[in-house]
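Breakdown of the fold
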Amino acid sequence: MSGPVESGESGGVGSAGQDAEADGEPPQSLHRPAQEESWVLGEPVEEEAPRAAKQPRLGGESLGLELSLNLPGSYDPPAPVTVGRLDTQEGLAQSMQDDAPVLQGELGVGVIGREVKEVAVEEEVKQNGDGEEEKAGEKEQEEEQQEEQESTGSANSPSEGQHLGLDFSQNPQMLTGSWAEYANLPENYLRGCKWAPDGSCILTNSADNVLRVYNLPPELYSYNWDLLTEMSPVLRMAEGDTIYDYCWYPKMSSLDPDSCFIASSSRDNPVHIWDAFSGEVRVSFRPYNHLDELTAAHSLCFSPDGAQLYCGFDKAVRVFYTERPGRSCEERPTTVKKQGQTGIISCMAFSPCQSVYACGSYSRTAGLYDCQDGSSLALMPTRHSGGLTHLLFSPDGRHLYTGGRKDPEILCWDLRDPGKVLFSLKRNVDTNQRIYFDLDPSGRYLLSGDTEGVVSVWDTLTAPPDGSEELLQPQLQFQAHRDCTNGISIHPFMPLLVSSSGQRQFLWPGDSEGDSASDSEGVAMVTSPQVRQDNALTLWWAGPLCPAGEGGQEQTAIVVED
């Protein structure tokens, strides 16, 4: 693996506390002017060195593969179906039943190509007459043999000419990770990890208030896993204080540098928009309270089209427009006349099929709101024992998954009947730390870590069809880290997982009668017990293994036996 480009580190640190726009200046555009240079992985960028930090393109010459614009990471998702103003839970349920599409299995490229070729052969036979049937049959046979040869030749590469799905019938295989990056400072534990929307890189957050971007190692695409070395960040973006939340721009594509940016919110700082190529602050959004004091957002989420940035506050959501940075925003209170959702809005998510977004708060509740005007559609009953820290929709928009702090349950809500829990998932969460969970693109598998370092995999298709609330047992569990696994993220279209670990380690008072020393007042000195400190980012392969991959790695996941 080639060495990382350490550009943007100094620029990001120096720009963390600077605003991109003064109050009296006209609004700026979020996008930079188009660049004339081309961005190709493996080729040195001579004109602008800082831009080489984030590689926008996977070149076929250097890696032996081609990625076109029709990959799942770069296609435009369908526009959300607007359901209008829904004032009652019955209206929301009816809209979910009428408008929510049912996920259908994807038809492979090879199958589609074969069907098209069969139709073409039939038309050719009809045009040429019965005398040409034998020639058309020979042509079809030759084309089928050529297809088989191409599929056989591409079997040695996981990204060339085929789509590999997740395989949880066996333990995921650890490929590589990043450990030394977080060993320089004491207790520099990670606080989450997120794949880029196009799957080209990984974004992490850690206790040193630095956002890091990692590129995928080139050896991954050729199954040369024995050549993998430890990953190093290609970009660092330092915030001034504790980072509350961060997210990618949903339309992000490495082929378009203007779309590659990250939003982050930190204590006593405005919302910063970071350039994912240079690591500098492009613009900022500055929310102010009723005393005209700058206040920080506790949660961030872009709208599906990327035109708006939703920020969570105490009993309110503020909506900024990405084309108009500054302090101008729309405020949407979640509590009106002491009715509604109280507490700090700690997490948000948008439905992929409806004009609806969900908010979770530290008051242990989840609510559904209309995207048009922010009106409340439904407020879920209080079922969690701790404040909500993460929630997400299923790909078909019919289910909402919620999880909280110091709460062992992940609840699956049926949005066709708001307030009804279909099933629950059990995990071990003993701290206030935000522990993420994630769904695969098909919505079948849900993955989550816990405070013991164990990652659990649930198959949601095994849930009871009658909707009776039951505790769903995990299909697979494996020990991913020695410490708390707080982050888990699934690649958008490849069978790859990334996990992050670590938590704050507290010192405990020592035994005054033991070996610990005492001060002059006779109070036992504080000592540290045996802790399982593991601050790391780890990359996992969760697909079928080829012969080169089976023997190339000595470290494998450990199955947790009940």
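Residues numbered from 1 in each chain as written. Predicted model: local features only at pLDDT ≥ 70, side-chain atom pairs only at ≥ 80, totals over all residues. Heavy atoms only, no water.

**A look at the overall build of the protein**
Within the protein, the regular secondary structure consists of six helices and 34 strands. Taken over 562 residues, the protein has a buried fraction of 51%. Looking at the protein alone, contacts between residues at least 24 apart form 59% of all its contacts between residues at least 6 apart. Total accessible area on the protein stands at roughly 26,400 Å², and carbon and sulfur atoms take up 47% of it. (Helix = DSSP H or I, 4+ residues; strand = E, 2+ residues; numbered from the N terminus. Buried < 20%, exposed > 50% of the residue type's maximum accessible area, 1.4 Å probe, protein only. Contact = heavy atoms within 4.5 Å. Areas by Shrake-Rupley, 256 points an atom, 1.4 Å probe, with all protein chains shown as cover.)

**A short note on the sheet that holds strand β8 (residues 271–275)**
What the four strands build is an open sheet, ordered β6-β7-β8-β9; its pairing is antiparallel. Single-partner strands in this sheet number two, and they are β6 (243–248) and β9 (281–285). The average undirected angle you get between the axes of adjacent strands in this sheet is 20°. The pairing of β8 with β9 spans four bridges and is classified as antiparallel. In the sheet register, Trp274 faces β9, and the bridge partner there is Val281. (Pairing = 2+ DSSP bridges. Axes fitted to C-alpha atoms, helices over the stretch in contact; angles between N-to-C directions.)

**Describing the sheet that holds strand β1 (residues 173–178)**
Across the sheet, which stays open at both edges, the four strands sit in the order β1-β33-β30-β29 with antiparallel pairing between neighbours. In this open sheet, the two edge strands, each paired with only one partner strand, are β1 and β29 (485–490). Along the sheet, successive strands turn relative to each other by an average axial angle of 25°, direction set aside. As paired strands, β29 and strand β30 (residues 496–501) are joined by five bridges and run antiparallel to one another.

**A word on the packing of aromatic side chains**
Counted under the stated rule, the structure contains 12 aromatic pairs. An angle of 55° between the planes, with centres 5.4 Å apart, marks the rings of Phe285 and Phe320 as tilted. With a gap of 35 residues between them, Phe285 in strand β9 and Phe320 in strand β12 (residues 316–321) connect regions that are remote in the sequence. Across this residue pair, the class does not change: Phe285 and Phe320 are buried. When the ring of Tyr357 is compared with that of Tyr369, the centres are 5.7 Å apart and the planes differ by 25°; the resulting orientation is stacked. Of the two residues, Tyr357 sits in strand β17 (residues 356–361) while Tyr369 sits in strand β18 (residues 366–370), which places them 12 residues apart along the sequence. Taking NZ or CZ as reference, Arg318 lies 4.9 Å from the ring centre of Phe313, over its face. (Phe/Tyr/Trp six-rings, centres within 6.5 Å; stacked < 30°, edge-to-face > 60°. Lys NZ or Arg CZ within 6 Å of the ring centre and 35° of its normal.)

**A short note on the side chain of Asp198**
As for its placement among the helices and strands, Asp198 is situated in the loop between β2 (190–195) and β3 (201–206). Using a relative accessible area of 11% as the deciding quantity, one classes Asp198 as buried.

**Overview of the pattern of salt bridges**
For the structure shown, the criterion picks out 10 salt bridges. When the shortest N-O distance is used, the salt bridge between Glu181 and Arg212 registers 2.7 Å. With a gap of 31 residues between them, Glu181 in the loop between β1 and β2 and Arg212 in strand β4 (residues 210–215) connect regions that are remote in the sequence. Residue classification places Arg212 among the buried positions, given a relative accessible area of 4%. Two residues, Arg212 and Asp208, come together in a salt bridge whose shortest N-O distance is 2.8 Å. (Salt bridge = Lys/Arg side-chain N within 4 Å of Asp/Glu carboxyl O.)

**Some remarks on unusual backbone geometry**
Positioned with a positive phi, Asp292 is a non-glycine residue whose angle comes to about 60°. By relative accessible area, Asp292 is classed as partly exposed at 46%. If you check the backbone angles, Lys406 has positive phi at about 50° while not being a glycine. Note on placement: Lys406 falls in the loop between β21 (399–404) and β22 (409–414). With relative accessibility at 48%, the residue Lys406 sits in the partly exposed group.

**Re the nonpolar core**
Within the largest apolar cluster, 21 residues are counted, with the highest numbers of intra-cluster contacts made by Leu175, Ile202, Leu216, Leu496 and Leu539. Those elements that place two or more of their residues in this core are β2, β30 and β33 (537–541). By size, the runner-up hydrophobic cluster in this structure holds 19 residues, among which are Cys201, Leu211, Val234 and Cys260. (Core = buried A, V, L, I, M, F, W, Y, C linked by side-chain atoms within 4.5 Å.)

**What to know about the pairing of β22**
Of all the six residues making up β22, five are buried; the element is thus mostly covered by neighbouring parts of the structure. Pairing between β21 and β22: five bridges, direction antiparallel. Note that in β22 the partner of Tyr401 across the bridge is Cys412. The turn joining β21 and β22, which pair antiparallel and follow one another in sequence, is formed by four residues; a positive phi near 50° is taken by Lys406. In the sheet, β22 pairs with strand β23 (residues 420–426) via six bridges, with the strands oriented antiparallel. Bridging across to β23, Glu409 finds its partner in Lys426. Between the antiparallel neighbours β22 and β23 lie five residues, among them Gly419 with a positive phi of about 100°.

**Quick word on the environment of Thr538**
For Thr538, the position within the fold is in strand β33. For Thr538, a relative accessible area of 3% translates into the label buried. Thr538 has contacts with Met174, Thr176, Gly177, Trp179, His481, Leu497, Val498 and Ser499, leaving out every residue within four places of it along the chain.

**Some details on the environment of Val356**
Inspection of the secondary structure puts Val356 in strand β17. Val356 sits in the buried class, given a relative accessible area of 1%. The sequence separation of Val356 and Ser375 amounts to 19 residues, and the corresponding C-alpha distance is 9.9 Å.

**Side note on the confidence of the model for the protein**
Note: predicted coordinates in regions of low pLDDT should not be interpreted at a detailed level. Per-residue confidence for the protein averages 75 on the pLDDT scale, and 63% of its residues sit at or above 70. Contacts of residues 99–133 to residues separated by more than four positions or lying in other chains number 27 contacts, the stretch itself having pLDDT below 50. A low-confidence stretch, residues 547–562 stays under pLDDT 50, and its non-local contacts, those more than four residues away or across chains, total 25 contacts. (pLDDT = per-residue confidence, 0-100.)

**Here we look at the state of the cysteines**
By the definition in use, this model includes zero disulfides. Here Cys247 is not disulfide-linked; the sulfur of Cys301 is the nearest cysteine sulfur, at 6.4 Å. The exposure class assigned to Cys247 is buried, which follows from its relative accessible area of 9%. (Disulfide = S-S within 2.5 Å.)

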